[in-house]
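Coordinates in review
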Amino acid sequence: MQPNDVRILRGAAIIAAPVGIVATVVSAVVAGEKGLVGGLVALAVVAGFFGLGSAALMRLTQDKPQVAMTAGLLVYTVQMLLIGVFVIAFSDTTLFNGRAFALSLLATALAWVGGQVKQSLTSRMLYVNPEPSVPAKEADPVKAESRDAA
């Protein structure tokens, strides 16, 4: 995992975690125990899907950085589809409040994506690996000795 990837992942999590916690607390206050469970499930879904999606994107672009945009769009599309399938699959559940779950999921997912965008725009990333075009000349040992003696 490259240092820039770690910074982007950490930046997204730092922004999404407080938003998810606030959304869960609001869900608990508004909808009671089922709202709390819905908020916690939403927080887990976002952390799981977006965390695994970021890990998959880092893995896909590790050897071929030129496919970063295509891979990013593919991972994001799969994330949205999976979240949609998850919401539809649990739309009639009695385990948690569906509205609290959906709103917490939306708020946390938007915060995660916003954190990724913010971190990507503010981090200083090299677009190329700096490699010298001409090999460095070895130091002349005679000149180095004469400087040390002076």
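All figures in this text were calculated on a predicted structure; none of them were measured in a lab.

With that out of the way, let us pick up the UniProt feature "transmembrane region" (unreviewed entry) in the chain. Look at the UniProt record and you will see "transmembrane region" (unreviewed entry) annotated at residues 12-31, 37-58, 70-90 and 96-115. The straight-line gap between the two end C-alpha atoms of residues 12-31 is 27 Å; of that span, 100% is helix and 0% is strand. In residues 70-90, the share of helix is 95% and the share of strand is 0%. The end C-alpha atoms are 30 Å apart.

With that out of the way, let us pick up the packing of aromatic side chains. The geometry of two aromatic rings is summed up by the distance between their centres and the angle between their planes. Counted under the stated rule, the structure contains 6 aromatic pairs. Between the aromatic rings of Phe86 and Phe101, the centroid separation amounts to 6.0 Å while the plane-to-plane angle is 45 degrees, which identifies the pairing as tilted. Here Phe86, found in helix α2 (residues 68-89), pairs with Phe101, found in helix α3 (residues 98-122); they are 15 residues apart in sequence, far enough to count as distant. Of the residues examined, Phe86 reaches a relative accessible area of 22% and is grouped as partly exposed. When its relative accessible area of 2% is taken as the criterion, Phe101 is described as buried. Relative to Phe96, the ring of Phe90 has its centre 6.2 Å away and its plane inclined at 35 degrees; by these criteria the two rings are tilted.

Conventions we followed
Residues numbered from 1 in each chain as written. Predicted model: local features only at pLDDT ≥ 70, side-chain atom pairs only at ≥ 80, totals over all residues. Heavy atoms only, no water. UniProt positions renumbered as here; feature names shortened; annotations may be inferred. Helix = DSSP H or I, 4+ residues; strand = E, 2+ residues; numbered from the N terminus. Phe/Tyr/Trp six-rings, centres within 6.5 Å; stacked < 30°, edge-to-face > 60°. Buried < 20%, exposed > 50% of the residue type's maximum accessible area, 1.4 Å probe, protein only.

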